[in-house]
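Each chain is listed here by its residues.
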Amino acid sequence: MTRLYYTSSLLIALTILLTLSLPQPVAHAGMFDRIKDIYNTPEKLDELQQQYSDAQALLESQAEKLEQSLIVTEQLTQKQTELTEQNEQYRQQNEELLAQNSSLQAEMEQMKQQRQSLVSKLITAAVVIVSLIVLYLASVRIWRFAVWRKQRSASARGISG
C-alpha cells in the first residue's frame, strides 16, 4: 500500500508539474471585468430586448408594406389586364369602323358618279329643251314670216290683178 501511495503521489506530482510547465492561455478579462460584465448584463439584456423589439417592429412594418405592395401589384395587374382587354376591343372596333369607312367611301364615290351622270343628263336635257324652244320659236317666226310674205304677195296680186 505504501507503494501504491507512493506511485499515486508521484503521478499527482508529475501531473501538477506537467500542467505548470505547459504555457497557460492569457486571460483577456480579469475577474473584476467579469463581475462588471455580470452586473451590466441586465442593461445589455434590456438593450438587446429593445433592439429585438425594434427589429421585430421593423419586420412587421416591412411585412405590412410587402403585403400592401402585393395588393397594389395585384390591383395594377388586374387593371392592366382590363385595359389590355379594352384596348383589344377598341382595336377590333377600329378595324370594323375602317372597313365601314371604306365601304362608305366607295358608296360616296358611286353616288358622286351618279350625281355627275344625273347633272350631265340634266344639262343635256336642258340644252335639248332650250334648243327645241328656240327651234319652235324660230319655226313660228319663219312660218309667220312665210305667211306674211304670202299674204303680202297675194294682196299685191290682188291689187294689181
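Let's talk about the overall build of the protein
Each helix and strand in the protein was counted, giving 2 helices and 0 strands. Across the 161 residues in the protein, those meeting the buried criterion constitute 0%. Total accessible area on the protein is roughly 15,800 Å²; 63% of this is exposed by carbon and sulfur atoms.

Topic: a nonpolar patch on the surface
A grouping of Ile129, Ile133, Tyr136 and Leu137 is seen on the molecular surface, where their side chains present a nonpolar patch of about 430 Å² in accessible area. Looking at where Leu137 falls in the secondary structure, it is placed in helix H2 (residues 31-160).

What to know about the pattern of salt bridges
Going through the model one piece at a time under the given rule, you end up with 2 salt bridges. Note that Arg91 and Glu95 form a salt bridge whose closest N and O atoms lie 2.4 Å from each other. Of this pair, Arg91 and Glu95 both sit in helix H2, 4 residues apart, which is roughly one turn of that helix. Its relative accessible area of 38% is what places Arg91 among the partly exposed residues. A relative accessible area of 46% places Glu95 in the partly exposed class. One salt-bridge network, in which partners are shared between bridges, spans Glu88, Arg91 and Glu95.

Observations concerning the environment of Ser120
For Ser120, the location among the structural elements is in helix H2. For Ser120, the side chain forms a polar contact with the main-chain oxygen of Ser117, separated by 2.9 Å.

Criteria and cut-off values
- Residues numbered from 1 in each chain as written.
- Predicted model: local features only at pLDDT ≥ 70, side-chain atom pairs only at ≥ 80, totals over all residues.
- Heavy atoms only, no water.
- Helix = DSSP H or I, 4+ residues; strand = E, 2+ residues; numbered from the N terminus.
- Buried < 20%, exposed > 50% of the residue type's maximum accessible area, 1.4 Å probe, protein only.
- Areas by Shrake-Rupley, 256 points an atom, 1.4 Å probe, with all protein chains shown as cover.
- Patch = residues over 30% accessible without salt bridge, like charges linked within 9 Å, V, L, I, M, F, W, Y side chains within 5 Å.
- Salt bridge = Lys/Arg side-chain N within 4 Å of Asp/Glu carboxyl O.
- Polar contact = N/O pair within 3.5 Å; in protein donor to acceptor, adjacent residues only side chain to side chain.

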